[in-house]
Amino acid sequence: MASTLFRTIQIHPFLLCPTALFSGRNGVLYCTMKSSQTQTATQEKQQPPKVKVPQHALKKTVDKITRDYEAIIGIETHVQLSTLTKAFCSCPYNYGSQPNTSICPICMGLPGALPVLNSKVIEFAVKLGLALNCKLSLNSKFDRKQYFYPDLPKGYQISQFDIPIATGGYVDLDLPLEFGGGHRKFGITRVHMEEDAGKLLHSGNGDYSQEIISPTSIYSYFSKHTVDLNRAGVPLLEIVSEPDMRTGIEAAEYAAELQRVVRYLGISNGNMQEGSLRCDVNVSIRPVGQSEFGTKVEIKNLNSFSSINRAIDFEISRQALLHSQGQSDQIVQETRLWEEGAQKTVTMRKKEGLSDYRYFPEPDLPEVILTHEYVDSISNSLPELPEAKRRRYEKMGLSMQDVLFLANDMNVAEYFDATLSSGADIKLAANWIMGDIAAYMKNEKLSINDIKLTPQELAELIASIKSGTISGKIGKEIADPVEIGKMIDKVISENPKQLEQYRGGKTKLQGFFAGQWWFRFVFAGLRPLMVTPPARKVMVVADPAPHSAAALQYALSHALLEQDELILLHVENTSSWKNTLTTFLKRPTIASAANAMTPNNFSGPDWGSTDINFLDQMKYASEIAQPKIPVRIEKIDPDGKDKATVILSKSKDLGIDLIIIGQKRSLSSAILG
Amino acid sequence: MLSTIQPPRYLSRFPLRGRTKSRPFHILSSAQPVTKTSFAADQSQILSIRDSLLNRHLSAVELTHSYLDRLKQTEPHINCFLHVSDPDKVLKQAQDIDDKIKRNEEVGPLAGVLVAIKDNICTADMPSTGGSYILEGYRPPFDATAVKRLKDLGAIVVGKTNLDEFGMGSTTEASAFKVTANPWDLSRVPGGSSGGSAASVSARQCIVSLGSDTGGSVRQPASFCGVVGLKPTYGRVSRFGLMAYASSLDVIGCFGSSVADTGILLHAISGHDSLDATSSKREVPDFTSQFTSASSLKSRPLEGLRVGLIRETVDAGVDSGVKSAIEGAATHLEQLGCVLKEVSLPSFSLGLPAYYILASSESSSNLSRYDGVRYGNQASSDELNALYEESRAKGFGSEVKMRILMGTYALSAGYYDAYYKRAQQVSFLLQ
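All of these numbers come straight from a predicted model, not from anything done at the bench.

**Q** Break down the overall build of chain A for me, with residues and values.
**A** Assigned secondary structure in chain A consists of 21 helices and 21 strands. Within chain A, contacts between residues separated by at least 24 positions form 76% of all contacts whose residues are at least 6 apart in sequence.

**Q** Just give me the short version of the overall build of chain B, but keep the residues and values in it.
**A** The helix and strand inventory of chain B stands at 14 helices and eight strands. Its C-alpha atoms give chain B a radius of gyration of 22 Å, near enough to 22 Å, the size a compact globule of 431 residues would have.

**Q** I'd love a proper account of the domain arrangement of chain B, names of residues and values included.
**A** All names here are of chain B. Partitioning chain B into domains gives domain 1 (2-294) and domain 2 (303-431). One C-alpha centre belongs to domain 1, the other to domain 2; they are set 24 Å apart. Taken residue by residue, the interface counts 21 residues in domain 1 and 18 residues in domain 2.

**Q** Please provide a residue-by-residue account of the pairing of strand E15 (residues 344-350) of chain A, values included.
**A** Residue and element names in this part refer to chain A. The pairing of strand E14 (residues 334-339) with E15 spans six bridges and is antiparallel. Residue pairing for E15: Leu337 is matched across the bridge by Val346. The antiparallel pairing of E14 with E15 creates a hairpin that spans four residues between the two strands, and Gln343 there sits at a positive phi of about 55 degrees.

**Q** Residues and numbers for helix H14 (residues 417-430) of chain B, please.
**A** Counted at 1.5 Å a residue, the expected span for H14 of chain B with its 14 residues is 20 Å, and the 19 Å between its end C-alpha atoms agrees. Every buried residue of H14 of chain B is accounted for by Tyr419, Tyr420 and Ala423 of chain B. Projected down its long axis, H14 of chain B carries its buried residues within an arc of 85 degrees, all on one side. Residues of H14 of chain B that are exposed and point over 90 degrees away from its buried face: Asp417, Ala418, Gln425, Phe428 and Leu429 of chain B. On its buried face, H14 of chain B is in contact with strand E16 (360-361) of chain A together with helix H11 (351-366) and helix H13 (398-411) of chain B.

**Q** I'd like a rundown of the interface of chain A and chain B, residues and numbers included.
**A** A common measure of how large an interface is: the accessible area buried when the components associate. Contact residues are listed per partner, giving 32 residues for chain A and 46 residues for chain B. Residues of the side of chain A that touches chain B, tallied by class, amount to 20 nonpolar, six polar and six charged.

**Q** Could you give an account of unusual backbone geometry, with specific residues and numbers?
**A** Note that the residue after Gly192 of chain B, namely Ser193 of chain B, is joined by a cis bond; omega there is 10 degrees. By secondary structure assignment, the location of Ser193 of chain B is in the loop between strand E3 (156-161) and helix H7 (195-202). One non-glycine residue with positive phi stands out, namely Asn100 of chain A, at about 55 degrees. Despite not being glycine, Arg56 of chain B has its phi angle at roughly 60 degrees, a positive value. Residue placement: Arg56 of chain B occurs in the loop between helix H3 (45-54) and helix H4 (60-78).

**Q** An account of the UniProt feature "active site" (unreviewed entry) in chain B is requested, with residue identities and associated values reported.
**A** All names here are of chain B. Here the UniProt-annotated "active site" (unreviewed entry) positions come out as Lys118, Ser193 and Ser217. For this annotated set, covering 100 residues, all C-alpha atoms fall within 11.0 Å of each other, a compact arrangement in space. C-beta crowding within 10 Å serves as the criterion here: with 36 such atoms nearby, Ser193 is assigned to the buried category. Its place among the elements puts Ser217 in the loop between strand E4 (208-213) and helix H8 (219-225). The class for Ser217 is buried, based on 33 C-beta atoms found within 10 Å.

**Q** Quick one: what's the story with the sheet that holds E16 of chain A, residue by residue and with numbers?
**A** Taking strand neighbours across the sheet as the criterion, the three strands line up as E6-E5-E16 (chain A) in an open arrangement whose pairing is antiparallel. If you trace the sheet from one side to the other, it starts and ends with strand E6 (156-159) and E16 of chain A, each paired once.

**Q** How would you sum up the confidence of the model for chain A? Please name residues and give values.
**A** Residues and elements named next belong to chain A. A residue-level look at chain A finds 69% of positions with pLDDT of 70 or above and a mean pLDDT of 75. Between the elements of chain A, mean pLDDT differs from a low of 26, seen in helix H15 (residues 517-524), to a high of 98, seen in strand E11 (residues 235-241). Counting contacts from residues 1-39, a segment whose pLDDT is below 50, to residues more than four positions away or on other chains yields 110 contacts. Every residue in residues 204-225 is under pLDDT 50, and counting partners more than four places away or in other chains gives 37 contacts.

**Q** I'd love a proper account of the UniProt feature "domain: Amidase" (unreviewed entry) in chain B, names of residues and values included.
**A** UniProt's feature table lists "domain: Amidase" (unreviewed entry) at residues 62-427 of chain B, given in the numbering used throughout. As annotated, residues 62-427 of chain B has a helix share of 37% and a strand share of 11%, and its two end C-alpha atoms lie 49 Å apart.

**Q** Tell me about the confidence of the model for chain B, residues and numbers included.
**A** Residues and elements named next belong to chain B. Averaged over every residue, the pLDDT of chain B is 88; the share at 70 or more is 90%. The low-confidence segment residues 1-38, where pLDDT is below 50, has 65 contacts with residues more than four positions distant or belonging to other chains. Reported confidence for the predicted complex is 0.89 by ipTM and 0.74 by pTM.

**Q** I'd like a rundown of the nonpolar core, residues and numbers included.
**A** Grouped together as the largest cluster of nonpolar side chains are 208 residues, with contacts concentrated most on Val281 and Ile433 of chain A together with Val115 of chain B. A per-element tally of this core places helix H11 (residues 426-444) of chain A first, with 11 residues. In this structure, Met539, Ala542, Ala551 and Val571 of chain A belong to the second largest nonpolar core, which totals 29 residues.

**Q** So what about the environment of Ala166 of chain A? Which residues, and what values?
**A** All names here are of chain A. Checked against the element boundaries, Ala166 lands in strand E7 (residues 166-174). For Ala166, a count of 28 C-beta atoms within 10 Å gives the class buried. Sequence separation of Ala166 and Arg190 is 24 residues, and the distance between their C-alpha atoms is 5.6 Å. Other than its neighbours up to four places away in sequence, Ala166 contacts Ala125, Gly129, Cys134, Lys135, Leu136, Ser137, Arg190 and Val191.

**Q** Now, about the environment of Leu249 of chain B: what can you tell me, with residues and values included?
**A** Relative to the helices and strands, Leu249 of chain B resides in the loop between strand E5 (228-230) and strand E6 (251-256). Not counting residues up to four positions away in its chain, the partners in contact with Leu249 of chain B are Thr214, Gly215, Tyr234, Leu358 and Ala359 of chain B.

**Q** Report on the sheet that holds E6 of chain B, specifying residues and quantitative values.
**A** Residue and element names in this part refer to chain B. In space, the six strands of this open sheet follow the order E1-E3-E2-E4-E6-E5, with mixed pairing throughout. One side of each edge strand has no neighbouring strand; the edge strands of this open sheet are strand E1 (81-84) and E5. Within this sheet the neighbouring strands show an average axis-to-axis angle of 25 degrees, counted without direction. One ladder, built from three bridges, connects strand E2 (residues 114-118) with E4; its direction is parallel.

**Q** So what about helix H20 (residues 643-654) of chain A? Which residues, and what values?
**A** An α-helical turn contains 3.6 residues, so any two residues separated by three or four positions project in the same direction. Counted at 1.5 Å a residue, the expected span for H20 of chain A with its 12 residues is 16 Å, and the 16 Å between its end C-alpha atoms agrees. Once H20 of chain A ends, the next one or two residues include Gly655 of chain A, with phi positive near 70 degrees.

**Q** Kindly report on the environment of Val251 of chain B, identifying the contributing residues and their values.
**A** Residue and element names in this part refer to chain B. Looking at where Val251 falls in the secondary structure, it is placed in strand E6. Separated by 20 residues in the primary sequence, Val251 and Lys231 place their C-alpha atoms 7.1 Å from one another. Residues in contact with Val251, not counting those within four places in the same chain, are Ser212, Asp213, Lys231, Pro232, Tyr234 and Val237.

Each value, and the rule that gives it
Position labels on residues start from 1 in each chain and follow its written sequence. All chains are assigned letters beginning at A, and all ligands numbers beginning at 1, according to the order in which they are written. Only residues with pLDDT of at least 70 are given local features in this predicted model, and only at 80 or more are side-chain atom pairs given and counted; all residues enter the totals for whole chains, interfaces and linings. We count a stretch as a helix when DSSP gives it H or I for four or more residues in a row; a strand needs E for two or more, and each element gets its number in order from the N terminus. Here, residues touch in the contact sense if the C-beta positions derived from the backbone fall within 7 Å of one another. Based on C-alpha atoms, the radius of gyration is set beside the globule rule, defined as 2.2 Å times the residue count to the power 0.38. For the purposes of this description, domain bounds are those given by an automatic or database domain assignment. Should DSSP find at least two bridges between two strands, the strands are regarded as paired. Expected helix span is taken as 1.5 Å per residue step, with the number of steps being one fewer than the number of residues. Buried means a residue has 20 or more other C-beta atoms within 10 Å of its own C-beta, exposed means 12 or fewer, and partly exposed covers the counts in between; C-beta atoms are placed from the backbone. The arc under discussion is defined with respect to the helix axis, by the directions toward the C-beta atoms. In this count, Pro and Cys sit with the nonpolar residues alongside Ala, Val, Leu, Ile, Met, Phe, Trp and Tyr, while Asp, Glu, Lys and Arg are called charged and the others, Gly among them, polar. UniProt positions are given in the numbering used here, feature names are shortened, and annotations may be inferred rather than shown by experiment. Summary of the metric used: pLDDT quantifies the predictor's per-residue confidence within the range 0 to 100. As used here, a nonpolar core is made of buried Ala, Val, Leu, Ile, Met, Phe, Trp, Tyr and Cys residues. They are joined through C-beta atoms within 7 Å. A fitted line through C-alpha atoms serves as each axis, taken over the contacting stretch for helices, and the angle formed by two N-to-C directions is quoted from 0 to 180°.

Here you go:
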């Protein structure tokens, strides 16, 4: 049986991936998890971008109503810059450090302290301004924005008011294919520099004014941790968009593109969960055909791209409903909060007139003067940006799906580019990176930079496989499985540390959201194109666990042929592992299992539900992936026997040709690690 | 002993005739010394102290004792200080200097120089209140750059001097804590806002002092107290550690009993500071090398110098006392050889209104940080806005409140263009 598989490898080098370097012994195929994803704004791991309206019952009506209205969406984005020190002092900033451990007289706003601008802030602002196709102000300045709040130590925020450093730009982006695809261009009104405020830590009763500060000890207040000033003075760039977006998806994709741009530029980690990328969204609607804008509502507390999407769609529906019911006067200028749990927006505060921030030029800082030479030098040092990358990849003949995946992460794109420049075939390199390497990265929670396999080695691997040999660094010409086995042993023995880590259970499952893996290949269209005729019975050991999911994925994408039959074997009942897994795989899902399985929905199955449910889901996924392959579910009670024995005896009974069992430790781990 | 370190007193330039009775403390004032042959010893206390210390004619401890005694004796009458350094600590520093000299080690150019610091300039080891109740007892964790430079050069800080709250005033009466008297006449004010710094030099409680000047707060009290006051060009001295009043106008200035001392002090604190982005990067010339002994001067030492006399300063509407003082100075300059030429500055009258708008606008912003949240006096309140309101209502004096209100108004939407923006245009015009 093993030789059959190796034959297919030689016949179809395109399908080769590190997981094909399995151990053929014992007639059991170990494979890696394959769950890589093109992460776009709409495909975030946790949240299904569903729920457009509060009540499903209203859905149809609201959809109909919303068609009569056009939404106008603008976004204000705050990007926290990853400078080594804060904007105006030499304190470092590290997210998550103990409250008030990274503060000094300057960022605490002590009397007599003065700000001195960190020149990196200007550099980063210029980079972003250029990347967003803006016009730079060669002569800009800082202003003070004044208001009282305990997290604002000086009583004013140093910002830019009437002369921002960059104005009048745009971003280009491509919507994901699942949402109809298409190119969009959204205007950027301005980019300006400012400082972040601290954080209020509402401990206990949330009363920040309780403590009387000992006048002789200025640090005593902070030791109580009511206000955390670590973040105070951290540099931000605020990016204000034109009101060019029309849907939640467009807005989310705009934010995702900004994230890509700042990451490409290396000016921010762009992490929404940490608050390094914060979006406040303004939404108004107007009847289609009307030119005046409606009353705009601001939405805050958007912690992910999918919440941007869902919050906007909810807000549009809410406003449209009010409009259609003749209650448009109830749409008032206000700030609403997105409630993730309830999947709706609620009033946070109504705006009573415009707040007067009494801006005036910051007298403690000189004007910001940019020379043409400076701007040119930065312009020349800019990396290739996401949009340019996408267009280039597109010209190479890659599908938009591939283009979006590869260009999404700068490091992945660099890896891909480096692989290509080492002479690798474009399509093969893309498949490798999007397939096994991405799966490995995801599984091990690594970035592509942590992977040992260099782009040059990958290129060699691809080349050698393509030519039917395996050579290069891995060495030796190998034609038979024994040699491959030896080679794998060699790779493993060369990486004893990694091996130890996997043996020691370092493989983390928590971060792996099993629900998504099988949709991955549905959309990636990764289907084996084998021609080998004889029909086989392929058995996959099915458990509600990621490695089992990976096994199924592997079976569907690499092992199963059209005439084969798939048997999902579940060894029922018993043991603690099931409970363990369900515990950490449990997550809030709003959709029922059936609902979740609809192809245009990215929601995963509910791992908290019963075994039957997951088996059905696996079956269903298999049928979507390989509609022609019959799928059968087999359940067996171990009856006290060892699980492996049970599986083997069952496979004999059923006359199974190939057993595929997922394993936590994958061989590709050993190779890539 | 004092006489050994102080220049002989020739009081001709500051006639005290007829004042003795009503102004019992005139004796405390150090008037401008005049002429002697060697420059160093007789025209600069700082230089003469240095000579005496290095020649072992005097120890730093002796010197310090004499000043501390004088301070202790006079302070109850004048009230220059909001905080006086612990005498033991001061003497310890003096002892260290003596020890160094004994060991023939290098001592700083300001070794043993007793300096008083205006209380709106931060000092790490003592309270710095800015004369405001809202900062009562506040001790900064750092020294202002100017203070740090003085300390690094060997100067010893004797205390923190009284001022109008945050520098807002010109009599030192607007201090939250005490009223300082003019050493020449205890019934009169020392001027302000650096009244404490001027009076302390004048009363010889210290050798030199630092003040701050936003709209005359060094120059005017120096004049009131008969000492030399110098307001440096904006940016010459780092403002780091100076509690901001009007950031675009604030400067730290110097008081001394002679031009030479003031010049030496300025030289010590001048120069770019990486902690103040508005401090000038221009090289600091050695002012002391320009000093010439008055006795070596010709009878008309300023021969050939052309001096403009601004017509608007002596026009109608100017107080007759001011007018005669200016004219007296003009005559004096002419006697020294200057050629005086009357000039007109048409924008002169714009200066004061522009100053008031800019200074109050900036102060309304600069004083926002005194909210009772992080430091200073805090009102007890359960509600945030009440906390702000009460802390600030109780913490600030009426002059400060008035300027905050004026400044807030001038910066408000709808008024900004009419007030702040125009004042700024005037400011550019005058520059």
